[in-house]
Amino acid sequence: QVIESGGNTVPILFGSAVVIFIAERLHPNLPGWNHSHNDVLVDVCHAIGVAIASQATLFVVPRLLAPVAALVAPLGTATLWPADASLLLQLPLALVVAELFQYWSHRLSHTWEPFWRLHATHHSAPRLYFFNAARFHPLDIVVDTTAGLIPLTLLGTPFKVMALFALATAVLGYLQHSNVRVRLGPLNYIFSMAELHRWHHAKNLAEANTNFGSNLILWDLLFGTFYWPRDRRP
């Protein structure tokens, strides 16, 4: 409803952060991760930069691509998106489509030096807690967000769906990095949340170069980078 009315999504983001912060205190994965590692101010500064970069990209990229979208529309691309369907159906579709491109962008950031120089900022975190979701170089966020917006824009996805996609990604990012002990069981074959993402932040590169999904784990399953050992913790 907030997206439909063009309302402010900050209360949703703030409320989600508060709920996850409380959950980290009540049921932490590692109690030591609930204490500052001289990193809170760093993450606050990154959060400000990421908020500006991501919102600017969400506003600018679809408008820059509008002429291209209009150019390819006669080929039928603009009619592929079910714009009249419920947002509850359009959001999962947006997650699947956008994440195919974000998966490869993220994977490339681990294997191509110029991208890694940006993405290394995210992996500099000394612990994992919900606010690590904001520890990114602004250019890294611009690249990743643009990668997801390109296919959505060219397919004629309504802007409100892209805005909902951005909101969902932010909230799920909190969950993905949260210091909450939670077991998703079979849902780990759908969502890329903390239980899987902790392996992505492992110091062992063979373990870290896995589970690239931001919200879903679908493309990791299809491209062979899904990693979920049951016999140990990362």
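Residues numbered from 1 in each chain as written. Predicted model: local features only at pLDDT ≥ 70, side-chain atom pairs only at ≥ 80, totals over all residues. Heavy atoms only, no water.

## Some thoughts on the confidence of the model for the chain
Residues with a pLDDT of 70 or more make up 94% of the chain, whose mean pLDDT is 91. Across the chain, the element-wise mean pLDDT spans from 54 in helix α1 (residues 2-5) up to 98 in helix α10 (residues 218-223). (pLDDT = per-residue confidence, 0-100. Helix = DSSP H or I, 4+ residues; strand = E, 2+ residues; numbered from the N terminus.)

## Quick look at the packing of helix α4 (residues 87-111) against helix α6 (residues 138-154)
Contact geometry for α4 and α6: axes closest at 8 Å, N-to-C directions at 135°. With respect to each other, α4 and α6 are oriented oblique. Where α4 crosses over α6, the two elements pack in a sense that is right-handed. Touching A94, V97, A98, F101, Q102 and S105 of α4 are V143, D144, T145, A147, G148, P151 and L152, all from α6. (Axes fitted to C-alpha atoms, helices over the stretch in contact; angles between N-to-C directions. Parallel < 35°, antiparallel > 145°, perpendicular 65-115°, else oblique. Left-handed = near helix turned anticlockwise from the far one by under 90°. Contact = heavy atoms within 4.5 Å.)

## Re the side chain of S105
On the secondary structure map, S105 appears in helix α4. Taking relative accessible area as the criterion, S105 reaches 12% and is therefore assigned buried. Dropping the residues within four chain positions of it, S105 is found in contact with F115, V143, D144 and A147. (Buried < 20%, exposed > 50% of the residue type's maximum accessible area, 1.4 Å probe, protein only.)

## Describing the environment of W228
When you line up the elements, W228 lands in the segment after α10. In this structure W228 comes out as buried when scored by relative accessible area, which is 15%. Distance from W228 to L216, taken between C-alpha atoms, is 14 Å for residues twelve residues apart in sequence. Beyond its immediate sequence surroundings of up to four residues, W228 is in contact with G185, N188, Y189, E195 and L196.

## Quick look at the pattern of salt bridges
Across all of its chains, the model carries six salt bridges by this definition. The residue D39 makes a salt bridge to R127 at a minimum N-O spacing of 2.9 Å. Placement of D39 in the loop between α2 (10-26) and α3 (40-72) and of R127 in the loop between α5 (113-119) and α6 is noted, with a sequence separation of 88 residues between them. On the accessibility criterion, R127 (4% relative accessible area) is buried. Between R232 and D231 there is a salt bridge, with its nearest N and O atoms 3.8 Å apart. Within the structure, one salt-bridge network assembled from shared partners comprises E207, D231 and R232. (Salt bridge = Lys/Arg side-chain N within 4 Å of Asp/Glu carboxyl O.)

## What about the packing of α3 against helix α7 (residues 159-177)?
Where α3 contacts α7, the axes come no closer than 11 Å and their chain directions differ by 145°. Taken as a pair, α3 and α7 cross one another with a handedness that is right-handed. In this structure, α3 uses L58, P62 and R63 to contact α7, whose residues at the interface are F159, M162, A163 and A166. For the contact of α3 with α7, the class distribution of residues is six nonpolar, no polar and one charged. (Nonpolar A, V, L, I, M, F, W, Y, C, P; charged D, E, K, R; others polar.)

## Topic: the side chain of H119
For H119, the position within the fold is in helix α5. Only 3.2 Å separates the side chain of H119 from the side chain of H106, close enough to count as a polar contact. Side-chain polar atoms of H119 contact the side chain of H110, separated by 3.3 Å. When residues no more than four places from it in sequence are discounted, the contact partners of H119 are H106, S109, H110, F136, D140 and H200. (Polar contact = N/O pair within 3.5 Å; in protein donor to acceptor, adjacent residues only side chain to side chain.)

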